[in-house]
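# Coordinate inspection notes
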Amino acid sequence: MEIQLWRSILCPYELAVKELTVKFEHIIKEHRENDLYSPIEQVSGRVKSVSSILEKMQRKHIPMERMEEEIEDIAGIRIICQFEEDIDTVASIIQNRSDMTIKSEKNYLKHIKQSGYRSYHLIIYYTVDTLNGPKKLQAEIQIRTMAMNFWATIEHSLQYKYKGDMPPHVAERLSNAADAIISLDHEMSSVRNEIMDAQNSSLMQSNLVKDILNNIENLYRVSNEREVVKIQAEFLRVFRAKDLQQLERFHRQLDIIAEGYRAQAVYHNLK
Ligand code: 0O2
């Protein structure tokens, strides 16, 4: 096929990967802005390379005209979670979205691949708007933990190096590493609540500090400088105390002060 034709076939998939990546990144942002633990830690995406598409077509005897139906992972999104429990949460988020429809799933967590590969895959239908109108295409979403991703990345590189002919001693090491990854995920899950508490507190603190600094910056515009300098010194004292409750109290008090100035400004404008 001509290069130009490949470009036009792959162009909507590029758009889908970009849009889907932005949407999943936005889910992370929404959680964090609401002081909530995000089940998604990281998102990445790629469009399958032409050589990888051709190789798959050859291996699976797929004719050119059936390429887009049969190669389901031309657009690929990878979602990395911290804990195995998060994988189900992410799958339900996807299931409940109105802009993605699940076509099928492959659960390599329940049915671990012979290689030791573990991951949860969803094939979705997703529509992009192109110059020729809407185009419904397929995308593969791989959902896995950081530990699973670490293993899969190393194994993928070794598969590439040995071109499917991995020496038994390397395969055995990988298989041992896959078992270690299962134990690691289980260990991490057992301290999940504690880790989540710690992360939530740190997230809450950073959001509070962001809000407080915004308020102080606004006060510089409407209040007298001496008062704001005093507030700022108090903020530094509270911040250094490293006590989330004190910081929350200070945040509430500052909100009341800011509200007072806002009311005064409205009153002056009405006069
Ligand atoms: P890429 O672009 O390098 O990621 P098949 O290609 O026939 O094995 P199928 O049936 O289309 O796969 O779907 P499947 O099994 O869900 O695999 C799709 C993708 O999952 C692969 O893409 C890999 O990214 C990943 N994957 C599946 N099995 C393994 C494995 O044993 N090890 C690792 N590291 N990754 C795996 P591609 O085709 O490799 O392309």
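Please refer to the structure higher up on the page.
Presented here is an overview of the structure given in this document. Predicted model, so just to flag it, every value in this text is computed and none were measured. (Residues numbered from 1 in each chain as written. Predicted model: local features only at pLDDT ≥ 70, side-chain atom pairs only at ≥ 80, totals over all residues. Heavy atoms only, no water.)

### Comments concerning helix α2 (residues 50-59)
Every buried residue of α2 is accounted for by Ile53, Lys56 and Met57. Projected onto a plane normal to the axis of α2, the buried residues spread over an arc of 100° and lie on a single side. The outward face of α2, more than 90 degrees from its buried face, is lined by the exposed residues Ser51 and Gln58. One or two positions beyond α2, positive phi appears at His61, with a value near 50°. (Buried < 20%, exposed > 50% of the residue type's maximum accessible area, 1.4 Å probe, protein only. Helix = DSSP H or I, 4+ residues; strand = E, 2+ residues; numbered from the N terminus. Arc of directions from axis to C-beta.)

### Quick notes on the layout of surface pockets
Where empty space is left can be seen by rolling a probe of water-molecule size over the atoms. The computed volume of the largest pocket comes to approximately 1400 Å³. As for the largest pocket, its lining consists of 41 residues, and the residues nearest its centre are Lys48, Arg59, Asp73, Gln142 and His156. Counting residues per element, the ones that place at least two in the lining of the largest pocket are β1 (42-47), α2, β2 (75-81), β3 (100-107), β4 (120-130), β5 (133-145) and α5 (146-162). The greatest single-element share of the lining of the largest pocket, amounting to seven residues, is contributed by α5. (1 Å grid on protein atoms, 1.4 Å probe; cavity = no way out; pocket = protein on both sides within 12 Å on 5 of 7 lines; lining within 4 Å. Points joined across faces, edges and corners; volume = space filled by probe spheres on them.)

### A closer look at empty space enclosed by the protein
All chains considered together, the criterion is met by two cavities of 30 Å³ or more. Here the largest cavity is characterised by a volume of approximately 40 Å³. Taken together, Gly116, Arg118, Met148, Trp151, Ala178 and Ile181 make up the lining of the largest cavity. Those elements giving two or more residues to the lining of the largest cavity turn out to be α5 and α6 (168-190). Looking at side-chain class alone, the lining of the largest cavity contains four nonpolar, one polar and one charged residues. Roughly 30 Å³ of volume is contained in the second largest cavity. Together, Gln205, Val238, Phe239, Lys242, Asp243, Leu244 and Leu247 line the second largest cavity. Of all the secondary structure elements, the ones that give two or more residues to the lining of the second largest cavity are α8 (225-240) and α9 (244-270). Partitioning the lining of the second largest cavity into residue classes produces four nonpolar, one polar and two charged. (Nonpolar A, V, L, I, M, F, W, Y, C, P; charged D, E, K, R; others polar.)

### Quick look at the pattern of salt bridges
Two side chains bearing opposite charge may form a pair once their charged atoms approach each other closely. Under the criterion given, the structure shown has 17 salt bridges. Lys56 is the partner of Asp73 in a salt bridge, and the nearest nitrogen-oxygen pair spans 3.2 Å. One end of the pair, Asp73, is in the loop between α3 (67-70) and β2; the other, Lys56, is in helix α2, and 17 residues separate them in sequence. Here Lys56 falls in the buried class, since its relative accessible area comes to 16%. (Salt bridge = Lys/Arg side-chain N within 4 Å of Asp/Glu carboxyl O.)

### Brief notes about α8
The end-to-end C-alpha distance of α8 is 23 Å, a good match for the 22 Å that 16 residues give at a rise of 1.5 Å each. Buried within α8 we find Val228, Ile231, Phe235 and Val238. Projected onto a plane normal to the axis of α8, the buried residues spread over an arc of 80° and lie on a single side. Exposed and oriented more than 90 degrees from the buried face of α8 are Glu225, Arg226, Lys230 and Arg240. The N-cap of α8, judged by a side-chain oxygen 3.2 Å from the amide nitrogen of Arg226 a few residues on, is Asn224. (Expected span 1.5 Å × (residues − 1). Polar contact = N/O pair within 3.5 Å; in protein donor to acceptor, adjacent residues only side chain to side chain.)

### Side note on the site of the ligand
Surveying the vicinity of the ligand reveals 17 residues, the closest of which are Lys56, Tyr108, Ser115, His121 and Glu155. For the ligand, an oxygen atom lies 3.0 Å from a polar atom in the side chain of Arg59. Residue Tyr108 places a side-chain N or O atom 2.6 Å away from an oxygen atom belonging to the ligand. Within the complex, the protein chains bury 78% of what would otherwise be the 710 Å² of accessible surface of the ligand. The site holding the ligand turns out to be the largest pocket. Where the shell around the ligand is concerned, the elements lending two or more residues are α2, β5 and α5. Considering each element in turn, the shell around the ligand owes the most residues, three residues, to α5. Residues of the shell around the ligand, tallied by class, amount to three nonpolar, four polar and 10 charged. (Near = heavy atom within 4 Å. Areas by Shrake-Rupley, 256 points an atom, 1.4 Å probe, with all protein chains shown as cover. Sits in = over half its atoms within 2 Å of the grid points.)

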